[in-house]
Amino acid sequence: MALQNNKIKILGDFIKSRRERIKPDHIEIASRYGRRRTPGLRREEVAQLAGVSITWYTWLEQGRVGSVSREVLESVARALQLSSDEQVHLLRLADYGGERNSSPSTGEAYPELQTIIDQVNYPAIIANHRTEVLAYNRMATEIITDFHAIPADERVMTRLIFTEPNLRKQLVNWNEFANYTMGVFRIYYDQKAGDHWFESFVQQMFLECGEFKRLWQLHNIQQKKAILYTFDHCVAGRLFFQLNTFSNINGDEDLHCCIFTPIVSTGTEEKLADLRQLSY
């Protein structure tokens, strides 16, 4: 399949980052190439494991390959010991993911979706592929952040996780959640290669947050999944949630709903009920 220039460059950077993280002592052929001067596997070693030429693999990392078959990419994925999430990401970068081209976001949620999440007793938001928060309910302002106080164009969850000091202080498992957020956002960024909004956002975040820049340069990716969210509330105390995400809302691939569901037997459900009464 023919590849777009910007996507093949991202694909090359991604597989290079995966090659450099592999521990050579876990690979049988790694001892055949003499003294090692760089971290991870050599390109020669990956090429041999994948059954491709060293020249071709080098060009793939350098973004100089015009097309690549799915079968060869899968061989490279096995050689690099990619996780299932990483393999899906690699195939999507080569346009083998089977996803439809999604329309650009208008930056607005459907009014009926606001009505729906207003009826949810748990914290809930509607966001898009940029992680812009397009709608939120009252409990979300209690458990995430005071969205009312944030200008609409700054309500970007990826930004808030890294730069909103109160959220960072109250989110007990911040490190885990920040890594997850970065991994999901990285997939969005890579799939929207060349998108001006994503490019500008990342450059601005580099200036605002050193931790964002450090994690970004790791090139880690993460498919959406249920994840724990533990929050120290100033009134209710410690609250335990599982963040569940529902994607592809009303056929729009760029819209998803996030609901923070209380974990059973932690007292969180009861504390939320008390908060709802206090906030009326």
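The preceding data block contains the structure.
Residues numbered from 1 in each chain as written. Predicted model: local features only at pLDDT ≥ 70, side-chain atom pairs only at ≥ 80, totals over all residues. Heavy atoms only, no water.

### Concerning the sheet that holds strand S4 (residues 237–249)
Reading across from one edge, S2-S1-S5-S4-S3 is the order of the 5 strands in this open sheet, with antiparallel pairing throughout. Looking along the sheet, the strands with just one partner apiece sit at the ends: strand S2 (133–136) and strand S3 (227–233). Here the strands of the sheet are splayed against their neighbours by 25° on average, with no regard to which way each runs. In this sheet, strand S5 (residues 252–262) lies alongside S4 in antiparallel orientation, the contact comprising 8 bridges. By the bridge assignment, glutamine 242 is partnered in S5 with threonine 261. The strands touched by helix H10 (residues 174–191) within the sheet are S3, S4 and S5, with S3 carrying the most contacts at an inclination of about 130°. (Pairing = 2+ DSSP bridges. Helix = DSSP H or I, 4+ residues; strand = E, 2+ residues; numbered from the N terminus. Axes fitted to C-alpha atoms, helices over the stretch in contact; angles between N-to-C directions. Contact = heavy atoms within 4.5 Å.)

### Concerning the packing of aromatic side chains
Here the distance between the centres and the angle between the planes together describe a pair of aromatic rings. For the structure shown, the criterion picks out 19 aromatic pairs. Summarising the aromatic geometry, the rings of tyrosine 189 and phenylalanine 198 are spaced 6.3 Å apart at their centres and angled 80° between planes, so their arrangement reads as edge-to-face. The exposure class assigned to phenylalanine 198 is buried, which follows from its relative accessible area of 0%. Each ring, one from tyrosine 229 and one from phenylalanine 260, has its centre 4.8 Å from the other, and the planes form 75°; the classification is edge-to-face. In this pair, tyrosine 229 is assigned in strand S3 and phenylalanine 260 in strand S5, connecting sequence segments 31 residues apart. You'll find tyrosine 229 and phenylalanine 260 in the same group, each marked buried. Three or more aromatic residues joined by ring pairs form one cluster here, namely Phe162, Trp174, Phe185, Tyr189, Trp197, Phe198, Phe201, Phe206, Phe212 and Trp216. The positively charged end of arginine 186 is found above the aromatic ring belonging to tryptophan 216, 4.0 Å away from the centroid. (Phe/Tyr/Trp six-rings, centres within 6.5 Å; stacked < 30°, edge-to-face > 60°. Buried < 20%, exposed > 50% of the residue type's maximum accessible area, 1.4 Å probe, protein only. Lys NZ or Arg CZ within 6 Å of the ring centre and 35° of its normal.)

### Quick word on H10
The first and last C-alpha atoms of H10 sit 26 Å apart over 18 residues, in line with the 26 Å expected at 1.5 Å per residue. Counting buried residues along H10, 15 of its 18 residues qualify, which places the element largely inside the surrounding structure. (Expected span 1.5 Å × (residues − 1).)

### With respect to the nonpolar core
In terms of nonpolar packing, the biggest core is built from 73 residues, with Ile125, Phe147, Ile161, Phe162 and Tyr229 touching the most fellow members. The element that contributes the greatest number of residues to this core is H10, accounting for 10 residues. Apart from residues no more than four positions distant in its own chain, isoleucine 161 is found in contact with Leu167, Leu171, Trp174, Phe177, Ala178 and Thr181. Counting 10 residues, the second-largest nonpolar core is a separate cluster that includes Ile117, Leu134, Ile249 and Leu255. (Core = buried A, V, L, I, M, F, W, Y, C linked by side-chain atoms within 4.5 Å.)

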